Amino acid sequence: MIGLGPRDTPIGIFGRDPGRQEIKHGVPFIGSGGQKVRGPLFEALHGEPPLDFEASLEVGRHVFWANTVPYKPTGNKAWSMAIKKRFQPLIAELLVTHWQGRTLITLGREAFLWFGINQPKDVRQALDAFWKREDRFESVHSTPLILESGERAIFNLAPLPHPSPLNQTWYKRFPGLFEARLEALNVKKRLLESQMG
């Protein structure tokens, strides 16, 4: 699961790595944390919560999904920096050259700070500074992503906390934060417009 979704969709969801349910179904963001993303996304587009698992699958076809590393880590622990650096060129190329959108909702610190891996020092410092801001989950940070070839693109990152049930600090607040993100980014209108033309 290196990346999934229409290459011309304007909105993407970027997470840390697949979990058990993602591997089982071969679909990104489908486990308990992923349902915290898919449910509000479905409701934003259709005006009502998804009725079943199939409905939550259907809504996933409208956005682009990717992770910092496309494989589930042993014990579901975060991958080491060495592993993230190894996969960074592949994922960066996917985002810059294959996906045409430039707005990404990043889930968790690992996904947001991934944009500093193999990047210039000033880019890393700007990402670190933004993550320390109290309004990081309401604001958007624009950052360049530069490939080894020199090709680059500017991404608008809209960070949120990771929706995992293990993230006790933010788990209960995540649905409200995510819904606010969807509204602020005008996701419904942008997705509908991209589907029409």
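These figures come from a predicted structure and were not determined experimentally.

**Things to note about the side chain of histidine 141**
Link 1 in the chain: For histidine 141, the location among the structural elements is in strand β5 (residues 141–146).
Link 2 in the chain: Look at histidine 141 and you get buried, because its relative accessible area is 12%.
Link 3 in the chain: Setting aside its immediate chain neighbours within four residues, histidine 141 contacts Phe112, Ala126, Leu127, Phe130, Phe155, Asn156 and Leu157.

**Observations concerning the nonpolar core**
Link 1 in the chain: Formed by 49 residues in total, the largest nonpolar core has its most connected members in Leu95, Phe115 and Phe155.
Link 2 in the chain: Excluding residues that lie within four positions of it along the chain, phenylalanine 115 makes contacts with Phe14, Leu95, Leu104, Thr106, Val123, Leu127, Thr143, Leu145, Phe155 and Leu157.

**Some points on the sheet that holds strand β4 (residues 103–107)**
Link 1 in the chain: Read across the open sheet, the six strands follow the order β1-β3-β2-β4-β6-β5; overall the sheet is mixed. With partners counted over all chains shown, the strands left at the sheet margins are β1 (3–4) and β5, one partner each.
Link 2 in the chain: In the sheet, β5 pairs with strand β6 (residues 152–160) via six bridges, with the strands oriented antiparallel. Within β6, the residue paired with serine 142 across the bridge is asparagine 156.

Reading the values: rules and limits
Residues numbered from 1 in each chain as written. Predicted model: local features only at pLDDT ≥ 70, side-chain atom pairs only at ≥ 80, totals over all residues. Heavy atoms only, no water. Helix = DSSP H or I, 4+ residues; strand = E, 2+ residues; numbered from the N terminus. Buried < 20%, exposed > 50% of the residue type's maximum accessible area, 1.4 Å probe, protein only. Contact = heavy atoms within 4.5 Å. Core = buried A, V, L, I, M, F, W, Y, C linked by side-chain atoms within 4.5 Å. Pairing = 2+ DSSP bridges.

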